[in-house]
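# An overview of the molecular structure
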Amino acid sequence: MTRSQRKRDHIQYALSTGQSRKTGLDDVEFVHQSLPDTAVKDISMQTEIGGLVFSSPIFINAMTGGGGSATEEINRQLALAAKETGMAIAVGSQMAAIKNPEERQSFAVVRKCYPDGIILANLGSEATVEQAEAAVEMIEANALQIHLNVIQELTMPEGDRSFKGALERIGRIADKLTVPVIVKETGFGLGKEAAKKLAELPVAAIDVSGFGGTNFAAVENERRQRTLSYFNSWGIPTAAAIVECKAAAKHMDIIASGGIQHSLDAAKALALGARAVGMAGLLLNVLMDSGPEALITEISALHDDLKMIMCAVGAREVADLHNAPLIIKGDTYHRLNVRGCHPAAFSQRS
């Protein structure tokens, strides 16, 4: 099977397998504030990641590219929606285009459609410095995501079976590139052990990409003759991953992704410690089911709803959400407690 066909299969199976809603965010509640002293018109959505100013904390996270005209058209429509709504956008892994220049246009179309936007390049941790520089140049990227996908690769029939040297390669890329480097998981959650290691490198941000969204083990198992079913439930839920990474890498910007389905999810993720929230599966479903205009409408509604929630809890800007009191309960409370992350402390913030 060609890499291009595999990229198209990933889109198909990502849509068909859906999202599990096991992010842990349903275990998180805002404490109601009767005197928030805020007004919706005064809410600022601006946030900063790695020195880049985002006009919205919500952005379109990495999805696709490298699958010929089919993924080029998806990226074109995503880029136009990002431009219309003024949000940042990340492309999928560009290794396909680095190895096959014919696939370059499926990524370059994003910059062509969105000349002034914040666009994030994307490569796996197997990349060299030269490949990272090529990925950034390809789309005139403002930052580079380096994705970690051990479980996906192990489940993938033709995937990698060795992950030695990844940390050293990430360090070299972060040291050499002139744009910020963001290290992200691919739906299995970054925990405090990995965050501590990354905190020692010149990495600008961590995208936790927690369990509960698109499940790439389930996607790859759809492509296997003998399924590795034990990987379908493997990972750190998004809510717990945010708290773990923030506790282990206090000076680093945290990005939340993995099963974010609406503005309340986004607000909770930001309140747990993230500075931005990446969305992929929900937006792809809207685009494929209802078209680009519906996607623009959905994104605008996400922004409006987030402002309403921020007003309700007294947060005039995104950073204020980090002080909003939260109740953490259920499995997420237990997980964070046994991991030494003191979930009860969130209820005492003000």
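Residues numbered from 1 in each chain as written. Predicted model: local features only at pLDDT ≥ 70, side-chain atom pairs only at ≥ 80, totals over all residues. Heavy atoms only, no water.

Looking up the protein chain in an unreviewed UniProt entry gives the name Isopentenyl-diphosphate delta-isomerase, with the organism given as Bacillus lumedeiriae. The annotation that UniProt attaches to the protein chain under Subcellular location (unreviewed entry) is "Cytoplasm". Under the UniProt heading Subunit (unreviewed entry), the note attached to the protein chain is "Homooctamer. Dimer of tetramers." (UniProt positions renumbered as here; feature names shortened; annotations may be inferred.)

## Points about the overall build of the protein chain
Check the secondary structure of the protein chain and you find 14 helices and 12 strands. In terms of overall size, the protein chain behaves like a compact globule, its C-alpha atoms giving a radius of gyration of 19 Å where 350 residues would be expected to give roughly 20 Å. Along the three orthogonal principal directions, the C-alpha set of the protein chain runs to about 60 × 40 × 40 Å. The burial tally for the protein chain puts 57% of its 350 residues in the buried class. Long-range pairs, those at least 24 residues apart, make up 74% of the contacts in the protein chain with a sequence separation of at least 6. Just so you have it, the protein chain exposes about 14600 Å², and 49% of that area is on carbon and sulfur atoms. Both charge centroids of the protein chain, one from 35 positive and one from 40 negative side chains, sit 5 Å from each other. (Helix = DSSP H or I, 4+ residues; strand = E, 2+ residues; numbered from the N terminus. Rg over C-alpha atoms; globule rule 2.2 N^0.38 Å. Buried < 20%, exposed > 50% of the residue type's maximum accessible area, 1.4 Å probe, protein only. Contact = heavy atoms within 4.5 Å. Areas by Shrake-Rupley, 256 points an atom, 1.4 Å probe, with all protein chains shown as cover. Lys, Arg positive; Asp, Glu negative; His and termini not counted. Charge placed at Lys NZ, Arg CZ, Asp CG, Glu CD.)

## Brief notes about helix H13 (residues 292–313)
For H13, built from 22 residues, the straight-helix expectation of 32 Å at 1.5 Å per residue is met to within 8% by its first-to-last C-alpha distance of 32 Å. Those residues of H13 that sit buried are Leu-295, Ile-296, Ile-299, Leu-302, His-303, Leu-306, Ile-309, Met-310, Cys-311 and Val-313. On its buried side, H13 packs onto strand E1 (28–30), strand E4 (58–60), helix H2 (69–85), helix H11 (263–271), strand E11 (276–279) and helix H12 (281–290). Note on H13: the residue one or two positions beyond its end, Gly-314, has a positive phi of about 80°. (Expected span 1.5 Å × (residues − 1).)

## A look at the environment of Arg-111
Within the element layout of this structure, Arg-111 appears in helix H4 (residues 105–113). With 35 residues separating them in the primary sequence, Arg-111 and Arg-76 have C-alpha atoms 9.1 Å apart. The residues contacting Arg-111, other than those within four sequence positions of it, are Asp-116, Gly-117, Ile-119, Ile-139, Glu-140, Ala-141 and Asn-142. Of note is the side chain of Arg-111, whose polar atom sits 3.0 Å from the backbone oxygen of Ile-139. (Polar contact = N/O pair within 3.5 Å; in protein donor to acceptor, adjacent residues only side chain to side chain.)

## A look at the pairing of strand E7 (residues 143–148)
For a regular strand, the rule is simple: side chains alternate between the two faces of the sheet. For E7, the buried fraction is high: six of the six residues fall into the buried class. The side-chain alternation of E7 yields two buried faces, one formed by Ala-143, Gln-145 and His-147 and the other by Leu-144, Ile-146 and Leu-148. Crossover connection from strand E6 (residues 119–124) via helix H5 (residues 129–139) to parallel E7: handedness right-handed. (Right-handed = clockwise from strand over helix to strand, strands pointing away.)

## Looking at the pattern of salt bridges
Going through the model one piece at a time under the given rule, you end up with 12 salt bridges. For Arg-339, the salt bridge is made with Glu-193, and the minimal N-O distance between the two is 2.8 Å. Of this pair, Arg-339 sits in the segment after helix H14 (330–338) while Glu-193 is found in helix H8 (residues 192–198), placing the two residues 146 residues apart along the sequence. Where Arg-339 meets Glu-244, a salt bridge forms, and the shortest distance between an N and an O atom there is 2.8 Å. Residue Arg-339 is located in the segment after H14, and its partner Glu-244 is located in helix H10 (residues 238–248); the two are separated by 95 residues in the primary sequence. Judged by its relative accessible area of 24%, Arg-339 is partly exposed. Exposure remark for Glu-244: the relative accessible area of 1% places this residue in the buried category. (Salt bridge = Lys/Arg side-chain N within 4 Å of Asp/Glu carboxyl O.)

## Points about the UniProt feature "binding site: Mg(2+)" (unreviewed entry) in the protein chain
Residues annotated in UniProt with the feature "binding site: Mg(2+)" (unreviewed entry) correspond here to Glu-153. Within the element layout of this structure, Glu-153 appears in helix H6 (residues 150–155). Overall, Glu-153 belongs to the buried group, its relative accessible area being 12%. Glu-153 has contacts with Gly-159, Asp-160, Arg-161 and Phe-163, leaving out every residue within four places of it along the chain.

## Let's talk about the nonpolar core
If you look at the biggest cluster of nonpolar residues, it comprises 96 residues, and the most contacted ones within it are Phe-30, Ile-60, Ile-173, Ile-206 and Leu-272. Of the residues forming this core, the biggest block, nine residues, is contributed by H13. In this view, Ile-173 contacts Ala-127, Thr-128, Val-129, Ala-132, Leu-144, Ile-146 and Val-181; residues no more than four positions away in its chain are not counted. Listed in part, the 14 residues of the second largest apolar core include Phe-54, Phe-59, Ala-90 and Ile-182. (Core = buried A, V, L, I, M, F, W, Y, C linked by side-chain atoms within 4.5 Å.)

## Side note on the state of the cysteines
Evaluated as defined, the whole model comprises zero disulfides. Not part of a disulfide, Cys-245 finds its nearest cysteine sulfur in Cys-341, a span of 9.6 Å. Cys-245 sits in the buried class, given a relative accessible area of 0%. With a relative accessible area of 11%, Cys-341 lands in the buried category. (Disulfide = S-S within 2.5 Å.)

## Considering the UniProt feature "domain: FMN-dependent dehydrogenase" (unreviewed entry) in the protein chain
As annotated in UniProt, the feature "domain: FMN-dependent dehydrogenase" (unreviewed entry) corresponds to residues 166–324 in the numbering used here. Secondary structure content for residues 166–324 is 48% helix and 10% strand, and the end C-alpha separation is 36 Å.

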